[in-house]
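Topology and contacts: notes
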Amino acid sequence: MIEKFQMMHLRNAEHMQFVTDADKVFGKHRAEDQILAPAYDEFSRLRLEEEAAMAIEPSNVKVKEKNVVEHYRDRLHSKLFNYVKSILYDEADPLFEPAQRVMKVIKETGNPTRLSENAESAMLTTLGNKLEPYRADLETIGALPHLEKLLETNRQFMQLESECRESAAAGKLVYTPSASAVRKQVDPVYHKIVDTLNVFIRLNGEENYKTLIADLNTLVDKYDALLTARKGRKKEDEKKEDTN
């Protein structure tokens, strides 16, 4: 079977290289092409988009500023979610019930951080609107400042995104989606391809896909080793800091 791999843990340059290497493997084999041809083509198209985004971002100050804000709002959403979740670990906490009501709205709205830029903007705006009736609960549990900061950052992002599009239309910059935005699109396509291939492998036997499995698993093992080494270095650095 083809091993699972969580691409989200890769840095942008590593992610782009992984996608490039995976695209080469898919192109070499084109396994179950009659079923997966559209997905292969979509993966290749997104690879080119990601390469373009990586190449252009450093030279476009406005785009770079927008991308920094985009990443920050993702972090702020996670901060809000985890803050409310931390209260829910203790059912005896007097803040448990209002936190539960707030968390219900957050979960029903969904996780915006893996959506496209515009879809994420819309979902965060919706989250703010849905939480407005729970303002008292937010104040009670101390989460209101977190929400307000998230919504303000989302407004900043939408303004910057609009400015980038206007500049692109005026020919002042080359506008492409950010690398992180493309990543949110390419990752599900990769997983769809691998999941579909694993279905066929289970049906037809690994022997019929021996080289494909070996090529993809070698790739996954390479990047798994990279992440493991990084994690080991991080732990070592933390130990040194504790010692100091």
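Quick note: structure is the one above.
Described below are features of the structure shown in this document. Keep in mind that what you see is a predicted model, and the values were worked out from it rather than measured.

**A look at the packing of helix 3 (residues 61-88) against helix 7 (residues 144-169)**
Running from N to C, helix 3 and helix 7 cross one another at 160°; their axes reach a closest spacing of 9 Å. Comparing the axis directions of helix 3 and helix 7 gives the class roughly antiparallel. Of the two elements, helix 3 crosses helix 7, and the hand of that crossing is left-handed. A per-class count over the contact of helix 3 with helix 7 returns eleven nonpolar, five polar and nine charged.

**Points about the pattern of salt bridges**
Counted under the stated rule, the structure contains 20 salt bridges. Measuring nitrogen to oxygen at the nearest pair gives 2.2 Å for the salt bridge that ties K4 to D195. Note that K4 is positioned in the segment before helix 1 (12-29) and D195 in helix 8 (residues 179-204), a separation of 191 residues in sequence. When its relative accessible area of 55% is taken as the criterion, K4 is described as exposed. With a shortest N-O distance of 2.5 Å, R165 and E161 are connected by a salt bridge. Of the two residues, R165 and E161 are both situated in helix 7; the distance of four residues between them amounts to about one turn of the helix. Note on R165: relative accessible area 42%, which makes it partly exposed. Linked by salt bridges that have partners in common, E70, R73, D74, E120 and K184 make up one network.

**A word on the nonpolar core**
Core analysis: the biggest nonpolar cluster contains 32 residues, and F5, F18, F26, F43, Y190, I193 and L197 have the highest contact counts within it. Contributing elements (two or more residues each) for this core: helix 1, helix 2 (33-56), helix 8 and helix 9 (210-243). Examining the composition of this core, we find that nine residues originate from one element, helix 8, more than from any other. With sequence-adjacent residues up to four places away left out, I193 is seen in contact with F26, L36, A39, Y40 and F43. Formed by 19 residues, the second largest nonpolar core is a distinct cluster that contains V84, A99, I106 and L150.

Reading the values: rules and limits
Residues numbered from 1 in each chain as written. Predicted model: local features only at pLDDT ≥ 70, side-chain atom pairs only at ≥ 80, totals over all residues. Heavy atoms only, no water. Axes fitted to C-alpha atoms, helices over the stretch in contact; angles between N-to-C directions. Helix = DSSP H or I, 4+ residues; strand = E, 2+ residues; numbered from the N terminus. Parallel < 35°, antiparallel > 145°, perpendicular 65-115°, else oblique. Left-handed = near helix turned anticlockwise from the far one by under 90°. Nonpolar A, V, L, I, M, F, W, Y, C, P; charged D, E, K, R; others polar. Salt bridge = Lys/Arg side-chain N within 4 Å of Asp/Glu carboxyl O. Buried < 20%, exposed > 50% of the residue type's maximum accessible area, 1.4 Å probe, protein only. Core = buried A, V, L, I, M, F, W, Y, C linked by side-chain atoms within 4.5 Å. Contact = heavy atoms within 4.5 Å.

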